[in-house]
Amino acid sequence: MSKLLIEGVARTFPGLRGRPPTRALEPTHLAVADNDFITILGPSGCGKSTLLRIVAGLDTPTEGRVLLDGEPVTGPGPDRGMVFQSYTLFPWLTVRRNICFGLVEKGVPAQRQREIADYFIAKTGLKGFEDHYPKMLSGGMQQRTALARALANDPKILLLDEPFGALDNQTRALMQELLLGIWEGDRKTVLFVTHDIEEAIFLASRVVVMTARPGRIKSVITVDLPYPRVYTMKTSPEFAALKARLTEEIRAESIRADEELAARS
Amino acid sequence: MNLLTPLKPVSPTLRLALGIAFFVLFVAAWAAATFGGLIRPLFLADPLKTLESGWTLFTEFGFAFDVAVTIWRVVGGFILAAAIAVPLGIAMGAFKAVEAFFEPFVSFSRYLPASAFIPLLILWAGVGEAQKLLVIFIGSVFQLILMVAVIVGGTRTDLVEAAYTLGAKGRRIISRVMLPAAAPQIAEALRLVLGWAWTYVIVAELIGASSGIGHMIMDSQRLLDTGQMIFGIVVIGIIGLISDVLFKAANERLFPWYFR
């Protein structure tokens, strides 16, 4: 059985002040198997973030439904951990207490909280920063903490919305490897939204390509690169072939999105 | 000169020196105008005469008691206003229905001048302490409610969403996200309003009071003692400055993540 089932999910935003409503997402179907790492790739404004927010329960679909382990999603919950593109650490809590946020909600005993936090602090390379406030951390460190905070809750699925989008290239590459390393160890089910083609290939077992607005799934491409993946693969011929193919698909969509925007204005 | 480069920070020492320099300049101008005979003593006492008046106020007229009474009124009225405004403001910021219920009335009341209530308040509450506290209360409470409501209502939605995905919901969102996020700004709003409370207390004491700094200033007017009047005003300024510095220091200590 699929871990996550997206069944005909569509989203239309009501038009403001008499303007016609905007279709952000066409009815979309997607089945995600347990332990799968899916990246959703598409041009900006293609509704990929909307789709992820619907899975998270932060947005409601106008049609269709999302099933997690056969249970329909009705709102946000700790079984779907999320890392946002913007820095969403709680600025009044230290790194450690940010990581423990969800554990406190669950009522996990303090001793156990400490152990879990220590485990993920070590895993995400945050040792020595436990007592820092988010303000004192670099963007990369903040996103490591956000990842640790989501993982500490032991969610059934991890949702990431362009989590490394605001980071510089070097930090981004390191974070990709960190995330892959964790996934290869824990085998969490992951849904990762990005507009970066290289990132989409490097991380995924399957890349879902979305069309320009209104978004719908254009193709699903399996990435057959072996594990464990290392950064040197990014220069391999197989990687280059995949990249060429995805670049072509995305390019067509970006041009179409541009033309549509021009036609509308 | 590079001291006047836009937005360029200055060292703490220079900052303090510049701040003190203006006080010195101000007193110097005052001294020049009065000692130089530019302004007659009837209208403006010179700095020395003012200090002298201050000394007699404390030694012969028990001015310390007046100062204490005024401080108690400010603090009392301010705490009363904060006790109502902070919880109500939080409720309005968090729940849109509560906001819709109170906001129009509070916005209307905000424009009612507290001083205009003094005659009514004397009628209702007499000329005792209750009336003084009420003037300060009316002057600060409505402003504070709206400020707190705006601060709490402006909580970053991405933080709230993050908390939802971590399993918090309902009241826990308020207690674990909205309140801690808003706390330092609420503290800053309180600091601002405490400054206003000082203006209201003097207004309240100008009419129907038998003690307090404002009462002393009114008494001095009858005697045409500009030295005492100016000293009273300066004392208000000094206490205001001290309370502001203390309040600020407390805020910075309480919320290091926000201020540092």
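These numbers were taken from a predicted model, which means no experiment stands behind them.

S.K.: Before we move on, could you go through the overall build of chain B and cite the residues and values that matter?
M.R.: Across its full length, chain B holds eleven helices and zero strands. Mapped in sequence order, the helices and strands of chain B form the string α-α-α-α-α-α-α-α-α-α-α. Dimensions of chain B along its principal axes, counting C-alpha atoms only, are 70 × 60 × 30 Å. Looking at the 260 residues of chain B, the share that counts as buried comes to 34%. Long-range pairs, those at least 24 residues apart, make up 71% of the contacts in chain B with a sequence separation of at least 6.

S.K.: If you had to explain the overall build of chain A to someone new, which residues and values would you point to?
M.R.: Along the backbone of chain A there are eight helices and ten strands. In terms of overall dimensions, chain A is globule-like: its C-alpha atoms have a radius of gyration of 19 Å, near the 18 Å expected for 265 residues. Its C-alpha atoms put chain A at 55 × 45 × 40 Å along the principal axes. The buried share among the 265 residues of chain A stands at 43%. Here the contacts in chain A between residues at least 6 apart in sequence split such that 71% fall between residues at least 24 apart.

S.K.: Can you lay out the interface of chain A and chain B for me, pointing to particular residues and giving the numbers?
M.R.: Of the residues lining the interface, 22 residues belong to chain A; the matching set on chain B comes to 13 residues. Among the secondary structure elements, those contributing two or more residues to the side of chain A that touches chain B are β6 (80-83) and α3 (101-106) of chain A. Here the side of chain A that touches chain B takes four residues from α3 of chain A, the largest share from any one element. Broken down by class, the residue content of the side of chain A that touches chain B amounts to eleven nonpolar, six polar and five charged.

S.K.: Tell me what's going on with helix α2 (residues 47-60) of chain B, and back it up with residues and numbers.
M.R.: Residues and elements named next belong to chain B. Between its first and last C-alpha, α2 extends 20 Å over 14 residues, near the 20 Å set by a 1.5 Å rise per residue. Among the residues making up α2, those that are buried are Thr50, Ser53 and Leu57. Down the axis of α2, the smallest arc covering the buried residues is 60 degrees, so these residues share one side. More than 90 degrees from the buried face of α2, the exposed residues found are Leu48, Trp55, Thr59 and Glu60. Considering only its buried residues, α2 is in contact with α3 (63-94) and α10 (226-254). Phi turns positive, to about 60 degrees, at Gly62, one or two residues after α2.

S.K.: Break down the nonpolar core for me, citing the residues and quoting the values.
M.R.: Considering soluble globular proteins, one finds that nonpolar side chains tend to be buried as a cluster. Ranked by internal contacts, the top residues of the largest apolar core, which has 130 residues, are Leu41, Val55 and Leu191 of chain A together with Ile136, Leu144 and Val148 of chain B. With residues up to four places along the chain from it excluded, the contact list for Leu191 of chain A reads Val32, Ile38, Ile40, Leu52, Val55, Ile157 and Leu159 of chain A.

S.K.: For the sheet that holds β6 of chain A, give the residues involved together with the corresponding values.
M.R.: Residues and elements named next belong to chain A. Pairing is mixed across the open sheet formed by six strands, whose spatial order is β6-β7-β8-β3-β9-β10. Every interior strand has two partners, whereas the edge strands, β6 and β10 (217-222), have only one. Averaged over neighbouring strand pairs, the angle between their axes works out to 15 degrees when direction is ignored.

S.K.: Residues and numbers for the sheet that holds strand β4 (residues 63-68) of chain A, please.
M.R.: All names here are of chain A. Across the sheet, four strands lie side by side as β2-β1-β4-β5; this open sheet has antiparallel pairing. With partners counted over all chains shown, the strands left at the sheet margins are β2 (22-32) and β5 (71-72), one partner each. Here β4 runs beside β5; their pairing, made up of two bridges, is antiparallel. Note that in β5 the partner of Leu68 across the bridge is Glu71. Along the sheet, helix α1 (residues 48-56) makes contact with β1 (4-13), β2 and β4, crossing β1 at roughly 120 degrees.

S.K.: For α10 of chain B, give the residues involved together with the corresponding values.
M.R.: The terminal C-alpha atoms of α10 of chain B lie 42 Å apart, and with 29 residues this matches the ideal 42 Å at 1.5 Å per residue to within 8%. Where α10 of chain B is buried, its residues touch α2, α3, α8 (171-206), α9 (213-222) and α11 (256-259) of chain B.

S.K.: Residues and numbers for the environment of Arg251 of chain A, please.
M.R.: Residues and elements named next belong to chain A. Positionally, Arg251 belongs in helix α8 (residues 237-264). Judged by the 12 C-beta atoms lying within 10 Å of it, Arg251 falls in the exposed class. Put simply, Arg251 and Pro43 are 208 residues apart on the chain and 8.5 Å apart in space, counted from C-alpha to C-alpha.

S.K.: Quick one: what's the story with the pairing of β1 of chain A, residue by residue and with numbers?
M.R.: All names here are of chain A. The pairing of β1 with β2 spans seven bridges and is antiparallel. Within β2, the residue paired with Val9 across the bridge is Thr28. Direction of pairing for β1 relative to β4: antiparallel, over a ladder of five bridges. Of the residues in β4, the one forming a bridge with Ala10 is Glu63.

S.K.: For unusual backbone geometry, give the residues involved together with the corresponding values.
M.R.: Residues and elements named next belong to chain A. Residue Pro228 follows Tyr227 across a cis peptide bond; omega there is -10 degrees. Mapped onto the elements of the fold, Pro228 is located in the loop between β10 and α8. In the Ramachandran plot, Asp154 falls in the positive-phi region, its phi being about 50 degrees despite a non-glycine side chain. In this fold, Asp154 is placed in the loop between α5 (139-152) and β7 (157-161). Judged by C-beta crowding, with 15 C-beta atoms within 10 Å, Asp154 ranks as partly exposed. Of note, the phi angle at Glu162 is positive, near 40 degrees, even though the residue is not glycine. Relative to the helices and strands, Glu162 is located in the loop between β7 and α6 (169-186).

Conventions and cut-offs
- Residues numbered from 1 in each chain as written.
- Chains lettered and ligands numbered in written order.
- Predicted model: local features only at pLDDT ≥ 70, side-chain atom pairs only at ≥ 80, totals over all residues.
- Helix = DSSP H or I, 4+ residues; strand = E, 2+ residues; numbered from the N terminus.
- Buried ≥ 20, exposed ≤ 12 C-beta atoms within 10 Å, placed from the backbone.
- Contact = placed C-beta atoms within 7 Å.
- Rg over C-alpha atoms; globule rule 2.2 N^0.38 Å.
- Nonpolar A, V, L, I, M, F, W, Y, C, P; charged D, E, K, R; others polar.
- Expected span 1.5 Å × (residues − 1).
- Arc of directions from axis to C-beta.
- Core = buried A, V, L, I, M, F, W, Y, C linked by C-beta atoms within 7 Å.
- Pairing = 2+ DSSP bridges.
- Axes fitted to C-alpha atoms, helices over the stretch in contact; angles between N-to-C directions.

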